[in-house]
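# Examination of the molecular architecture
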Amino acid sequence: MSMPRLPLPSRDGPAGTRRWYQHAVFYEVLLRGFYDSNNDGIGDIRGLHEKLDYLQWLGVDAIWLLPFYPSPMRDGGYDISDFFNVAPDYGTLTDLSRLLDDAHRRGIRVVSDLVMNHTSDTHPWFIESRSSRDNPKSDWYVWNDDDQRWPEARVVFTDVERSNWTWDETREQYYWHRFFSHQPDLNYENPEVADTMVDMVKFWLELGFDGFRLDAAPYLFQRDGTAGEHLPETHDFIKRIRKEIESNYPGRVLLAEANGWPADVADYFGDGDECHLCFHFPLMPRLFMAVRKEQRYPITEILSQTPEIPDGCQWAIFLRNHDELTLEQVTDEERDYLISEYAKDDRMKRHMGIGRRLAPLLDGNRRLAELLYSMVLSLPGSPVIYYGDELLMGDNIYLGDRDSVRTPMQWSPDRNGGFSKADFAQLYLPPVMDPVYGSDAVNVEAQCRNPGSFLHWLRGMLIQRRAMPVLGVGTMEPTACPNPSILAYVRSGEVADAPVGSSPWGTMRPIGEGFGGGTFGRPPAPPSVVPVAAGEQDLAGQRTQAVLCVHNLSRFAQPAELSLPRWSGYTPVEVLGRVPFPVISDEPYTIALGPYGYLWFELVREPPFPEEVIG
Ligand code: BGC
C-alpha cells in the first residue's frame, strides 16, 4: 500500500476520462481459476498479474475481479469473513497493489466485487452478534423472534433455502439472509454498519481500485409490507457511496448487480447520482431466446421497455458470467421454453437457471457465438466478457452448484491446461477434459497461433469497436425490416474526431513474450481509412458517426429489406473490409445475410476512394 499511485493513461474516449466506462469492454476474472503462479492448485493475484500481457493483447479496457477476500468459500468467495484483506490463497495486499499499478500502466482499469449485503457466518462480526442479545455487535445483523416477518420477500436460491430466516441456537433468535443461510445479512439500519461499509469502500479505493460491482445491490434494507428489494433507503445508501466517489475519487465507478425489470433497475442510475452502470439482466436470456426462435421480437420487446437513462450512465450487457444463466426475469412460459432448449439434461439446471457456459449452450456453433457477440458489442451498453468465453471454453455439468462454469482457464495443451503445475488432485477444480472442450482442443496458445480462431476473431471485433466510439455512446434507432429473423439498427451520435488510421484510445503494443512467443501475433492494423463520416464535421473536433448493424437470427440465409429513409444518399461501408456497398436510396435497401450472419456498416456521406480501400 506504500506503492506510489500511477496516473492512469488516458483511454477516455470522446466524453472525457471520467466517462471511460461508457466505452469500455469489461473482462470478468475468477481469480481462483485464472492462473496459478505458485503451483498450489489455486489461481492467484500474481497469476493474474502475469497474464496482463494477454488481456492487453486481447484489448479489454477493464477487469472485473470476483471476490478475493478471506472466505470459507461456501459461495465462491461471496461469503466474506474479512472485508479489509486478501485471502492468503490469492496473495497479499501488496500483490494486489502491484497488480493495480501495472494494470493502470497498461491503461487497464480494475473494478472489484463489493459484497455489501451480507457476510459469512464465520465473520467475527457475526460470531459476536450471535453470541448474545446485548453484545456490542448485537444489532449488526437482522434478528427476529419468529420467522414470519417480511413474508413478501422472495427466496433467491429456492432449490437450496426454504426461508430467508434461519434459527440460531446460541442467541435463540432467527437471523435474516437473502442468499444462503451461511450468509447473514448485515443490518443497514444500524449507522455503525453503514459507516463501516463506507470505510471499507474508501479502503479499496485508496488501494487503487477503479470502482466496484455492487453485489446484490437491491437487498440492503427491508421494510414491512414490501418485497425488500429496490427500497428508497437502499438507493439513498448507494447515493452516499457515489457522493464519496464524486468528492474524493472522481473517475471511479459503481456497477449495480440488480436483477430486475429494466424500469426498476434504471432507478439505480438515480438522476445520474447513483450508479454509473447497471447490468441489463433481462436482455441476456432474450438474446438466447431470439436465436432459438429465429425471431428478433424477444430482443426488440425488452429494448422497447428499457427506459432512457440519465446522461453519463451506461448499461452493462453480457452473455454469460460466473452465475447460472438466470431465468428470473422471464415469464413461466419463456422459462420452460429456455429450459427445454438449453438444459436438456437435468444436471444443467442450477437455482432458477442454467449452469452452462456460452459455447456448450450454443452446441459449439461458432457462427452463432459470433452473432451473439456481434449484438453484445453493438447494442447500447458496455460489453462484459466472462473469462474463457473468448476461447469458447466448455463447462462441466457434473460439478456442483455454479462450479460447472468456474473451471480453470485453459492456457495451453500442457498439464492442467497450463493453468497450474500442481498435482491434478490439488487443483481447486478439475479442468475441462472432454474431447470437444478439453484443454487439448481449446486453449489460448493454440488459438493465438491460429489466425482463424475465435480468439482472433473476437480480438479483431474489439479493435473495430474501438474505432467506432459511437457504439459506446450513440443512440440506437431500430431499422424496420419485414423479415422477422433480421435485427437491424443504426447507432449514431457525436464522437470525438480521430486522426486518420488511429484509435481514439491510442495504440496497442504488440505482445510477444509469455505465451507462444512471436507466434502470438501482431495486432491487426486499424482500419486504413477513417472515411468522411455521416453528418457535418464541427469546429470542436466532433463529428457524427453512424453505424448500421444487421443480424440474421436464423440458421438459414435470409434477405434483409431495410427501411433507411433517413440515410438516403449515404454509402454503407462494411467495417471489416472497408468495402463500400451501393448507396442507400429512398427505396428499401436489400442485402442478403448467410446463416447467423451479421454485418456492420459505417454510414458515410462520401464513399472512400478505391486506393484508400486497397491501401
Ligand atoms: C453473486 C453470486 C452470489 C450471490 C450471493 C450474487 O449476485 O453473483 O455468485 O452467490 O450474489 O452473494
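The structure under discussion appears in the preceding block.
About the criteria used
- Residues numbered from 1 in each chain as written.
- Predicted model: local features only at pLDDT ≥ 70, side-chain atom pairs only at ≥ 80, totals over all residues.
- Heavy atoms only, no water.
- Salt bridge = Lys/Arg side-chain N within 4 Å of Asp/Glu carboxyl O.
- Buried < 20%, exposed > 50% of the residue type's maximum accessible area, 1.4 Å probe, protein only.
- Helix = DSSP H or I, 4+ residues; strand = E, 2+ residues; numbered from the N terminus.
- Pairing = 2+ DSSP bridges.
- Near = heavy atom within 4 Å.
- Polar contact = N/O pair within 3.5 Å; in protein donor to acceptor, adjacent residues only side chain to side chain.
- Areas by Shrake-Rupley, 256 points an atom, 1.4 Å probe, with all protein chains shown as cover.

## Here's the deal with the pattern of salt bridges
- Tallied over the entire structure, the rule returns 37 salt bridges.
- With its nearest N and O atoms 2.9 Å apart, the salt bridge here joins Arg-402 to Asp-401.
- For Arg-402, a relative accessible area of 4% gives the class buried.
- A relative accessible area of 30% means that Asp-401 is categorised as partly exposed.
- Linking Arg-543 and Glu-602 is a salt bridge whose minimum nitrogen-to-oxygen distance equals 4.0 Å. With Arg-543 in strand S17 (residues 542–552) and Glu-602 in strand S22 (residues 598–604), this residue pair connects regions lying 59 residues apart in the sequence.
- Here Glu-602 falls in the buried class, since its relative accessible area comes to 4%.

## Thoughts on the pairing of strand S21 (residues 589–593)
- With burial as the criterion, only one face of S21 is covered, namely that bearing Tyr-589, Ile-591 and Leu-593; the residues Thr-590 and Ala-592 on the opposite face remain uncovered.
- Relative to S21, strand S18 (residues 558–562) is paired through five bridges, and the arrangement is antiparallel. Bridge pairing in S21 links Pro-559 to Ala-592.

## Regarding the site of the ligand
- The local shell around the ligand holds 13 residues, among which Asp-75, His-118, Glu-257, His-322 and Asp-323 are the closest.
- Within the side chain of Asp-215, an N or O atom sits 2.9 Å from an oxygen atom of the ligand.
- Between Arg-402 and the ligand, the recorded distance is 3.0 Å, taken from a side-chain N or O atom to an oxygen atom.
- Here the ligand has 300 Å² of accessible area as a free molecule, and 97% of this is covered by the chains.

## Re the sheet that holds strand S11 (residues 325–326)
- Ordered by their spatial adjacency, three strands build an open sheet running S11-S13-S12, and the pairing between neighbours is antiparallel. Each having just a single partner strand, S11 and strand S12 (349–350) make up the two edges of the open sheet.
- As paired elements, S12 and strand S13 (residues 353–354) share two bridges and run antiparallel to each other. Considered in S13, the bridge of Lys-349 is made with Ile-354.

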